[in-house]
Each structure stands twice: as structure tokens, then as C-alpha cells.
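Next come the chains, spelled out residue by residue.
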Amino acid sequence: MTEAPARGVRLSRSARRAQLLVAARDIFADRGYHAAAMDDIAERAGVSKPVLYQHFPGKLELYRALLTTCADDLVERVRDAIGRTSDNRERVAAAVSAYFDFVAGDGQAYRLVFESDLRGEPEAAAVVDGALTRCIETVAAAVTADAGLDAPRARLLAVGLVGLSQVAAQYWLDSEQKVPRDEAVALMASLAWRGLAGFPMVHERPPGS
């Protein structure tokens, strides 16, 4: 999502929806779901409350739409990181970097995904869990193809890499980024790679092994 357009500009329905999501992101990230009000979101977007309700029938529906947008963004970052190269060491670094970029992004979208005060709501939890599953599946597919591991073992390794990346990136941000971003990514990528490198690519194995 980009910044909201200037007030008074006539927008298409899709552009207006995007504008409202940006405003909602700012309000929800700053105040949390329960303290946020539709009035505040409409005011931030520069629209009337009826216009907001034309797009989203209630606060929960708006939050779910926003959460889905943010979660999809994270998944696309991870997929792009894994797919942009066939070099596994670069893949690991890119995957770790994707999480750091996401948590450091504008609008604190990561708080909506990882620190939501609505995680107990089943549909919101399903969105977050679904995004996590898609990230794990993306990494697991690469591990399975390159290391020749069966699905359960590849998935376990993928869970480890995704978990390491997410927790480290959140800690880095919450600790006031005392370690420069590039150095932090390099440190965590090195840690992950030292473990994953122990599983040779299939075509590197000696014949008959």
C-alpha cells in the first residue's frame, strides 16, 4: 500500500478502497483494533463515514481486509526472495532480508500481522496463520527440491528458517536497531546458512549415495 492521495481527488472504487486501507493501517497500527474508531479512519482518509461504510460494512470487515493485504505482502516478499535466484545461500539471505524489510516498512504493517490485539478472533487468526503457512510452504518446496528431503523434514526446516527470520527481525526492530540492518541480516543469514548448508543439493551427492 502507498500513501493516501490528496483530499478532494476523485478516485476509482479500487483506488478509494486502497486509500481507505492506508488510513485504516495507520489508525489500527497506532491504536490497536479495539481503540480504533471508524470515525477516526474516515477522518484520516478525508472521506465521510458513509463513504467508508460503502466499502466496508463494519470495523471488523475493514480490519480483516487490511490484515489480508498486509499478510499477502509478507508472503509475496518471501516468495520473491526464494524465486529470484537458484543459489541457496543467496536464497537464505534474501528470505531473512524479506522479514527485516517487512518489519521495518512504513505504516507498521508488521504489528497488524504479528502483534494484533485481535489474534483471538478466529477469522483474523486464520489470515495470519494462513500467511505463515504459505511462507513455510514456499521455503519447504525449495528445501525439498534442492536437498531431496521428504515433506515432513523439509517443512520442519522451513519452520525453523521462517521462525528465526520473524523473531530476529522483530527483536531487531524492538531493540532500536542497534545493529545496522545489513549487518543484522548478514548475521542471521549466516546462522541459518550454517545449518542448511549441511544438507547438500541432490545433484551434488556422489552417485549411489
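Just so it is clear, the structure is predicted and the values come from calculations on it, not from any experiment. (Residues numbered from 1 in each chain as written. Predicted model: local features only at pLDDT ≥ 70, side-chain atom pairs only at ≥ 80, totals over all residues. Heavy atoms only, no water.)

A. Representation of the confidence of the model for the protein chain within the structure. For the protein chain, per-residue confidence averages 87 on the pLDDT scale, and residues scoring 70 or more make up 89% of the total. Per-element confidence in the protein chain is highest for helix 2 (residues 38-45), whose mean pLDDT is 96, and lowest for helix 6 (residues 109-114), whose mean pLDDT is 87. Note on residues 204-209: pLDDT is under 50 here. Beyond four places in sequence and across chains, it has two contacts. (pLDDT = per-residue confidence, 0-100. Helix = DSSP H or I, 4+ residues; strand = E, 2+ residues; numbered from the N terminus. Contact = heavy atoms within 4.5 Å.)

B. Helix 8 (residues 151-174), seen in detail. Under the 1.5 Å per step criterion, the end-to-end length of helix 8 is 34 Å for 24 residues, consistent within 8% with the ideal 34 Å. Taken as a whole, helix 8 has its buried residues at Ala 154, Ala 158, Leu 161, Val 162, Ser 165, Gln 166, Ala 168, Ala 169, Gln 170, Trp 172 and Leu 173. Turning to helix 8, the residues buried within the fold contact helix 5 (88-103), helix 6, helix 7 (122-147) and helix 9 (181-196). In the segment just after helix 8, Glu 176 is the residue with positive phi, at about 65°. (Expected span 1.5 Å × (residues − 1). Buried < 20%, exposed > 50% of the residue type's maximum accessible area, 1.4 Å probe, protein only.)

C. Main features of the packing of aromatic side chains. For the coordinates displayed, the defined rule picks out five aromatic pairs. Geometrically, the ring pair formed by Phe 100 and Trp 172 is tilted, given 5.2 Å between the ring centres and 55° between the ring planes. With Phe 100 in helix 5 and Trp 172 in helix 8, this pair connects stretches of sequence that are 72 residues apart. Residue class for Phe 100 comes out buried when judged on its relative accessible area of 1%. (Phe/Tyr/Trp six-rings, centres within 6.5 Å; stacked < 30°, edge-to-face > 60°.)

D. Broad picture of the packing of helix 4 (residues 59-83) against helix 5. Helix 5 packs onto helix 4 with a crossing angle of 160° between their chain directions and a minimal axis gap of 8 Å. By the criterion of interaxial angle, the relationship of helix 4 to helix 5 is roughly antiparallel. When you trace helix 4 past helix 5, the crossing you get is right-handed. In contact with Cys 70, Asp 73, Leu 74, Arg 77, Val 78, Ala 81 and Ile 82 of helix 4, helix 5 contributes Arg 91, Ala 94, Ala 95, Ala 98, Tyr 99, Asp 101 and Phe 102. Taken together, the residues of the contact of helix 4 with helix 5 sort by class into ten nonpolar, no polar and four charged. (Axes fitted to C-alpha atoms, helices over the stretch in contact; angles between N-to-C directions. Parallel < 35°, antiparallel > 145°, perpendicular 65-115°, else oblique. Left-handed = near helix turned anticlockwise from the far one by under 90°. Nonpolar A, V, L, I, M, F, W, Y, C, P; charged D, E, K, R; others polar.)

E. Structural view of the side chain of Ser 165. For Ser 165, the position within the fold is in helix 8. A polar side-chain atom of Ser 165 sits 2.8 Å from the main-chain carbonyl oxygen of Leu 161. (Polar contact = N/O pair within 3.5 Å; in protein donor to acceptor, adjacent residues only side chain to side chain.)

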